[in-house]
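# Overview (structure and organization)
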Amino acid sequence: MKKLTPLFFLLLLLLYTSCSNQKKNNNTVTIKNEIDTYLTKTMELHNIPGLALAVVEDNKIVYENYFGISSLEKNKPVDKNILFRIFSATKLITSTGVFQLIQNKQLSLEDKISKYIDDLPVPWQEVKIKNLLSHSSGLPDIIKYKSTLTDEELMGKLFKDKMNFAIGKQFQYNQTNYWLLAQIIEKITGMSFNDYVIKNQFDNSTNGVLFSSNSLENIPNRATRYFYNEKTKEFEEDTNNSGKRGHSGNGLNITLKRFIEWNRKFDKNLLLNNKTKSEMWKPFNFTNQKDHFLHGWNSIQVNGLDSYGFSGGNLAAFRKFTDNKTTIVLLSNGYKIPAYNIIINDIARIVIPELKAKKLTLEEDIMHFVMHHQFNEAIQSFKKLKKENPNSNFDNLKWNINSIGNSYIYSDNNTKKALEIFKLNTETNPNWWVSFASLAETYELQKDTLNAIKSYKKAILLNEENQWDYNIQMKNKVIELENN
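My aim in this report is to walk through the structure given alongside it, one point at a time. Not measured: the values here are computed from a predicted model.

## Here's the deal with the packing of aromatic side chains
Inspection of every chain in the model, using the stated rule, returns 23 aromatic pairs. With a centroid separation of 5.5 Å and 70° between ring planes, the pair formed by Phe193 and Phe211 is classed as edge-to-face. Of this pair, Phe193 sits in helix α6 (residues 193-201) while Phe211 sits in strand β5 (residues 209-211), and the two are 18 residues apart along the sequence. Exposure class is identical for Phe193 and Phe211. Each is buried.

Right under this line is the structure:
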């Protein structure tokens, strides 16, 4: 037998490597085309003006693309230089900054905030850093007061308010928490919150990243944030301005490129080490033993895979599937119906091999069926989606469906279509009181008293915690309908 030479083995290796690289390149092209098609359809369905999305796998960018318009008035397209407001996704940056101080032993989760902020009311003095991060403080929320108040005036009003609940009892999203965290960061570091973050997370470079909580501020290359007016069927510019107090909670403006770079540093442990990340991603122990949240981050399961991240303004979302070494970053500037978590979840199903191989139900398919009044298909797909995701409650999806029903009532005065959609939501979400309340209101508009009473009573029964104190209103409705 003829002896094989080293050159033969080298040629064999080169051939194998070439075939392997070709297969990878073909797979990348397929994934890109699939995501492009998905996003194009989704943007049309949800009426999203502009969007940027990236997928990073094991520190390699496997997808990055830009779609649509950043400014409708200027007809300016979205590109790599466009800054997006990420709103409450800013809290990921703030919590990372807090844990940098914890890692440097300048701060502790167990520290009381009274250690850093003077003259607090007695009920506030037992609040700890961990309560601010996890939204378990029970503090009154600054959101109910005018942004034109000075810091001193605002604190004076908050100090007079009652606590919303016992410290640590439950999760209640609250902007006061992150305003106080910014003050504590400034007290410890002697720097402004903005400067501290830029220095310690963005290499002291403001290229492609800045803080502004004012949607009307004239910032070059920033995408305009839009609201959709159901009455006029047109987009209107956002006028929200939270001032400097909002910077730590909703103020980051960033390009997709800089967010990708921030994620690279995060993954390479240049911002936090693995031990500190684990502490940040540890679930907070709420005393009601019902709520679930981490320390500034949320955890979401997609088809059995854990992910960590947060969203903001119903426009931006950042999610890390750590076991799969996959990160998805979404930035956008408007919508008719929110799509941020739906998009992130579906992109994960498209790009993560473990999920893609299963040919899973996409949430966007359900939205398509609902929007096109294919209700039987929507019901069957939603039931299949739930079966594939037994640990998920699909809050975004069911709220979106509810919003579609409401839009038919309030903008088109079409109770017939609204009723079909609310019926779909009650069938697919039989334990969600809101779907039955919406159904009851629609029956009432149609003068169908018996079904309205029946649906209101079902909603009251399901709303055990009297969310938003709505049971009183529904009970009054029942009494009124029964007496007429």
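## Re the pairing of strand β9 (residues 298-302)
As defined by bridge partners, β9 adjoins strand β10 (residues 305-312) across five bridges and the pair is classed as antiparallel. Residue pairing in the sheet places Asn298 in a bridge with Gly309 of β10.

## Looking at the packing of helix α14 (residues 395-410) against helix α16 (residues 433-445)
Across the interface, α14 lies against α16 with an axial gap of 11 Å and an inter-helix angle of 15°. It follows that α14 is roughly parallel to α16 by the angle criterion. As α14 packs across α16, the resulting crossing turns out to be left-handed. Counted together, Trp399, Asn402, Ile409 and Tyr410 of α14 and Val434, Ser435, Ser438, Glu441, Thr442 and Leu445 of α16 form the full contact between these two elements. For the contact of α14 with α16, the residue count by class is five nonpolar, four polar and one charged.

## Comments concerning the nonpolar core
With 72 residues, the main nonpolar core has Ile35, Leu53, Ile343 and Ile347 as its most contacted residues. Per element, the largest residue contribution to this core is eight residues, and it comes from helix α10 (residues 340-351). With residues up to four places along the chain from it excluded, the contact list for Ile347 reads Ile35, Tyr38, Leu53, Val55 and Ile328.

## Some remarks on the side chain of Arg258
Topologically, Arg258 is positioned in helix α8 (residues 256-267). The charged side chain of Arg258 is buried without a salt bridge, its nearest counter-charge being Asp203 at 5.3 Å. A polar contact of 3.2 Å, which involves the side chain of Arg258, links it to the backbone oxygen of Phe202. Once residues lying within four places of it in the same chain are set aside, the contact partners of Arg258 are Phe202, Ser205, Asn207, Gly208 and Val209.

## Re the pattern of salt bridges
Side chains that differ in sign of charge can pair as their charged atoms come close. The tally for this structure, following the rule as stated, stands at 23 salt bridges. Lys398 is the partner of Asp395 in a salt bridge, and the nearest nitrogen-oxygen pair spans 3.3 Å. Taken together, the residues Asp395 and Lys398, both in helix α14 and three residues apart, mark about one turn of the helix. Here the salt bridges do not stand alone but share partners, grouping Glu110, Lys128 and Lys130 into one network.

## A few points about unusual backbone geometry
Backbone geometry at Asp203 places phi at a positive 55°, although glycine is not the residue there. Tracing the backbone through its elements, the reader meets Asp203 in the loop between α6 and β5. Positioned with a positive phi, Asn221 is a non-glycine residue whose angle comes to about 65°.

Reading the values: rules and limits
- The residue numbers shown here count from 1 along each chain, following its written sequence.
- Side-chain atom pairs in this predicted model are given and counted only at pLDDT of 80 or more, local residue features only at pLDDT of at least 70, and totals for whole chains, interfaces and linings cover all residues.
- As a rule here, side-chain values come from all non-hydrogen atoms in the structure, and water together with hydrogens is ignored.
- A pair of aromatic rings is counted whenever rings of Phe, Tyr or Trp (Trp by its six-membered ring) have centres within 6.5 Å, and the orientation is called stacked for planes under 30 degrees apart, edge-to-face for over 60 and tilted otherwise.
- The helix count covers DSSP runs of H or I at least four residues long, the strand count covers runs of E at least two residues long, and both are numbered beginning at the N terminus.
- Think of it in three bands: residues with accessible area under 20% of the maximum for their type are buried, residues over 50% are exposed, and the middle band is partly exposed, with areas taken using a 1.4 Å probe on protein chains only.
- Strands pair, by our definition, only if DSSP identifies at least two bridges between them.
- Lines are fitted to the C-alpha atoms to define the axes, a helix being fitted only along its stretch in contact, and any angle between axes, read from their N-to-C directions, falls within 0 to 180 degrees.
- For classification purposes, angles smaller than 35 degrees are called roughly parallel, those larger than 145 roughly antiparallel, those between 65 and 115 roughly perpendicular, and all remaining angles oblique.
- By convention, the crossing between two helices is left-handed when the near helix turns anticlockwise from the far helix through less than a right angle, and right-handed when the turn is clockwise.
- A contact between two residues is defined here by any heavy atoms of the two lying within 4.5 Å.
- Polar here means any residue other than Ala, Val, Leu, Ile, Met, Phe, Trp, Tyr, Cys and Pro, which are nonpolar, and Asp, Glu, Lys and Arg, which are charged; Gly is therefore polar.
- Remark: nonpolar core denotes a set of buried residues (Ala, Val, Leu, Ile, Met, Phe, Trp, Tyr, Cys) joined through side-chain atoms within 4.5 Å.
- Asp and Glu are treated as the negative residues and Lys and Arg as the positive ones, with His and the ends of the chain left uncounted.
- Salt bridges are defined as contacts in which a side-chain nitrogen from Lys or Arg sits within 4 Å of a carboxyl oxygen from Asp or Glu.
- Think of a polar contact as two N or O atoms within 3.5 Å of one another; within protein, one of them needs to be a possible hydrogen donor and the other a possible acceptor, and neighboring residues in sequence only count if both atoms come from side chains.

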